[in-house]
Amino acid sequence: MSIRSDYRPYVPRLVAEWPERGSWMQSQGTMVLADISGFTPMTERLSRMGKIGSEEVARILNLVFAKLLTVAAELGGDFLKSGGDALLIWFSGPGHPSRGAAAAYRMRAALDHIGKIDTIAGVVELDLTVGVHSGDFDFFLVGATHQELVVTGQAASSTVRVAAVAEPGQILVSDTTAGLLEQSAVGDGRSPGHLLTAEPTIDATPDLAKPALDSDLDQYVPQTLDGLLGNVGRDGEHRIATIAFLDFEESDYRIERQGGAEFAPTLDELLR
C-alpha cells in the first residue's frame, strides 16, 4: 500500500489542501468543539480492568466517534483533532455557519439515538456538549520531527469559551454564529453565546469532493506512528505510556500584535 493511501485518512483535508505549504494560514469558517460528557469516568472504571478494559474503551470510542464524525462529514465537516473525548471539526466554504450548527444538532441526535451503552463495567450514558463559533481562524503547521497542525488565536479561543459555558446536552453558538443563523433556530442568550434550539436550515451544499492526494502526507504524522497507521490490527495496541500536556499562553496577543506569519517562527521554535 502506498504512503498516500496509508496517511490520507489521518491528515485533515485542511492540511492536505494547505496552500503553498506555508507555516501559517488564516481562513474564514465555523469551528465545532464537541465534548462527550461521561466518557472520563467510564474510561477510569474500565482502565482498572487491564487489557480487556482497554479493548472495551477502544470499542466504544470506535462506535461513538465513527457515528459522530460520519454525521459531520456529510455536511462537509473536516475532523482536525481530538483531545481525549473532545472533537474539533472545521467547516468552511459557502454556508459554513448553518452547516456547522446543523452538524452539531445532528451529532447530538445521533448520540441520543445510540442511547445507553452496555460495557463490561456497567451501563454508560453519554451526553454531548458543543460550542460553535464562526470567524477568521489562524492555523499553523510547525515542528521538527513532523509538521503539527496547531489551531490557536482569537477565534479558536472564542470557540473554547463558548464550549466551556455549555452544559451537558447543550449546544451553544457564539453571538457571531447566532447572528448568521435563522433566528427561529436560536434560543436564549447565555454569555458568550446562545442556545441552539432547532436545526437551522442549511443554505448551501457542502463540497464533499475528496482532496487531491499528496505524496508528502507522511510529514504531517508523528514519526512514532510511522509504519503503524494503516497496519494496526482490529484490537489496536496496549502499552504503558506517559502523557504530558503543555499549555502555552499569550498566543492570541502575539498573533494580534505581530500577525500570524511573524508569529509562526516563534511557535515553530516552541514546538521544536
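Above: the structure in question.
Everything in this summary refers to the structure shown in the same document.

Cut-offs and rules
- Residues numbered from 1 in each chain as written.
- Predicted model: local features only at pLDDT ≥ 70, side-chain atom pairs only at ≥ 80, totals over all residues.
- Heavy atoms only, no water.
- Salt bridge = Lys/Arg side-chain N within 4 Å of Asp/Glu carboxyl O.
- Buried < 20%, exposed > 50% of the residue type's maximum accessible area, 1.4 Å probe, protein only.
- Phe/Tyr/Trp six-rings, centres within 6.5 Å; stacked < 30°, edge-to-face > 60°.
- Helix = DSSP H or I, 4+ residues; strand = E, 2+ residues; numbered from the N terminus.
- Axes fitted to C-alpha atoms, helices over the stretch in contact; angles between N-to-C directions.
- Parallel < 35°, antiparallel > 145°, perpendicular 65-115°, else oblique.
- Contact = heavy atoms within 4.5 Å.
- Nonpolar A, V, L, I, M, F, W, Y, C, P; charged D, E, K, R; others polar.
- Left-handed = near helix turned anticlockwise from the far one by under 90°.
- Patch = residues over 30% accessible without salt bridge, like charges linked within 9 Å, V, L, I, M, F, W, Y side chains within 5 Å.
- Areas by Shrake-Rupley, 256 points an atom, 1.4 Å probe, with all protein chains shown as cover.
- Pairing = 2+ DSSP bridges.

1. Some words on the pattern of salt bridges
Any two side chains of opposite charge can pair if their charged atoms end up close together.
Here is step 1 of the chain: For the structure on display, the rule yields six salt bridges.
Here is step 2 of the chain: Where Asp 268 meets Arg 272, a salt bridge forms, and the shortest distance between an N and an O atom there is 2.6 Å.
Here is step 3 of the chain: The exposure class of Arg 272 is exposed, given its relative accessible area of 59%.

2. Focus on the packing of aromatic side chains
Here is step 1 of the chain: On inspection of all chains with the given rule, the structure shows four aromatic pairs.
Here is step 2 of the chain: Each ring, one from Trp 90 and one from Phe 137, has its centre 5.3 Å from the other, and the planes form 75°; the classification is edge-to-face. In this pair, Trp 90 is assigned in strand 3 (residues 86-92) and Phe 137 in strand 6 (residues 127-142), connecting sequence segments 47 residues apart. Take Trp 90 and Phe 137: they sit in the same class, and that class is buried.
Here is step 3 of the chain: On the basis of an interplanar angle of 25° and a centroid distance of 6.5 Å, the ring pair of Phe 137 and Phe 139 is categorised as stacked. Comparing Phe 137 with Phe 139, the two get one shared label, buried.
Here is step 4 of the chain: Put simply, the rings of Trp 90, Phe 137 and Phe 139 pair up and form one aromatic cluster.

3. Digging into the packing of helix 8 (residues 251-258) against helix 9 (residues 260-271)
Here is step 1 of the chain: Contact pair helix 8 / helix 9: the axes reach a minimum separation of 7 Å and the direction vectors enclose 135°. Here helix 8 is positioned oblique relative to helix 9, judged by the angle of their axes. Each of Ser 251, Arg 254, Ile 255 and Gln 258 in helix 8 lies in contact with helix 9, whose residues at this interface are Gly 260, Glu 262, Phe 263 and Thr 266.
Here is step 2 of the chain: Taken together, the residues of the contact of helix 8 with helix 9 break down into two nonpolar, four polar and two charged.

4. Topic: the environment of Ala 166
Here is step 1 of the chain: Here Ala 166 is to be found in the loop between helix 6 (154-165) and strand 8 (171-174).
Here is step 2 of the chain: Expressed as a C-alpha distance, the spacing of Ala 166 and Ser 54, which sit 112 residues apart in the sequence, is 29 Å.
Here is step 3 of the chain: Once residues within four sequence positions are removed from consideration, Ala 166 is found in contact with Thr 129, Val 130 and Leu 172.

5. Concerning the packing of helix 4 (residues 51-73) against helix 5 (residues 96-114)
Here is step 1 of the chain: Between helix 4 and helix 5, the shortest axis-to-axis distance is 9 Å and the interhelical angle comes to 150°. Seen from above, helix 4 lies across helix 5 with right-handed handedness. Side by side, helix 4 and helix 5 meet where Leu 63, Val 64, Lys 67, Leu 68, Val 71 and Ala 72 of the first sit next to Ala 103, Arg 106, Met 107, Ala 110, Leu 111 and Ile 114 of the second.

6. A short note on the side chain of Ser 174
Here is step 1 of the chain: Along the chain, Ser 174 turns up in strand 8.
Here is step 2 of the chain: With near-sequence residues (within four places) excluded, Ser 174 lies in contact with Val 132, His 133, Ser 134, Val 162, Pro 192 and Gly 193.

7. Here we look at a nonpolar patch on the surface
Here is step 1 of the chain: Judged by side-chain polarity, Met 49, Ile 52 and Ile 120 come together as a nonpolar surface patch covering roughly 260 Å² of accessible area.
Here is step 2 of the chain: Tracing the chain through its elements places Met 49 in the loop between helix 3 (39-47) and helix 4.

8. Examining the pairing of strand 2 (residues 78-83)
Here is step 1 of the chain: Across five bridges, strand 2 lies against strand 3 in antiparallel orientation. Note on strand 3: the bridge partner recorded for Lys 81 is Leu 88.
Here is step 2 of the chain: Hairpin connection between strand 2 and strand 3: a loop of two residues separates the two successive antiparallel strands, and Gly 84 in this loop has a positive phi of roughly 70°.

9. Section: the pairing of strand 7 (residues 148-152)
Here is step 1 of the chain: Burial analysis of strand 7 places four of its five residues in the buried class, the great majority of the element.
Here is step 2 of the chain: Bridge count for strand 6 against strand 7 is five bridges, and the pairing is antiparallel. Note on strand 7: the bridge partner recorded for Phe 140 is Val 150.
Here is step 3 of the chain: Here strand 6 hands over to strand 7 after five residues, with Gly 143 in that stretch at a positive phi of 125°.

10. Points about the environment of Gly 95
Here is step 1 of the chain: Turning to its location among the elements, Gly 95 is positioned in the loop between strand 3 and helix 5.
Here is step 2 of the chain: Classification of Gly 95 as buried rests on a relative accessible area of 18%.
Here is step 3 of the chain: Placed 86 residues apart in sequence, Gly 95 and Leu 181 show a C-alpha to C-alpha distance of 9.7 Å.
Here is step 4 of the chain: If we skip the residues at most four places from it in the chain, Gly 95 touches Asp 203 and Ala 204.

11. So, unusual backbone geometry
Here is step 1 of the chain: In the segment running from Ser 191 into Pro 192, the intervening peptide bond is cis, with an omega of 10°.
Here is step 2 of the chain: Along the polypeptide, Pro 192 turns up in the loop between strand 9 (186-190) and strand 10 (193-196).
Here is step 3 of the chain: Phi at Glu 250 takes a positive value of approximately 70°, unusual for a residue other than glycine.
Here is step 4 of the chain: With respect to the helices, strands and loops of the structure, Glu 250 is situated in the loop between strand 10 and helix 8.

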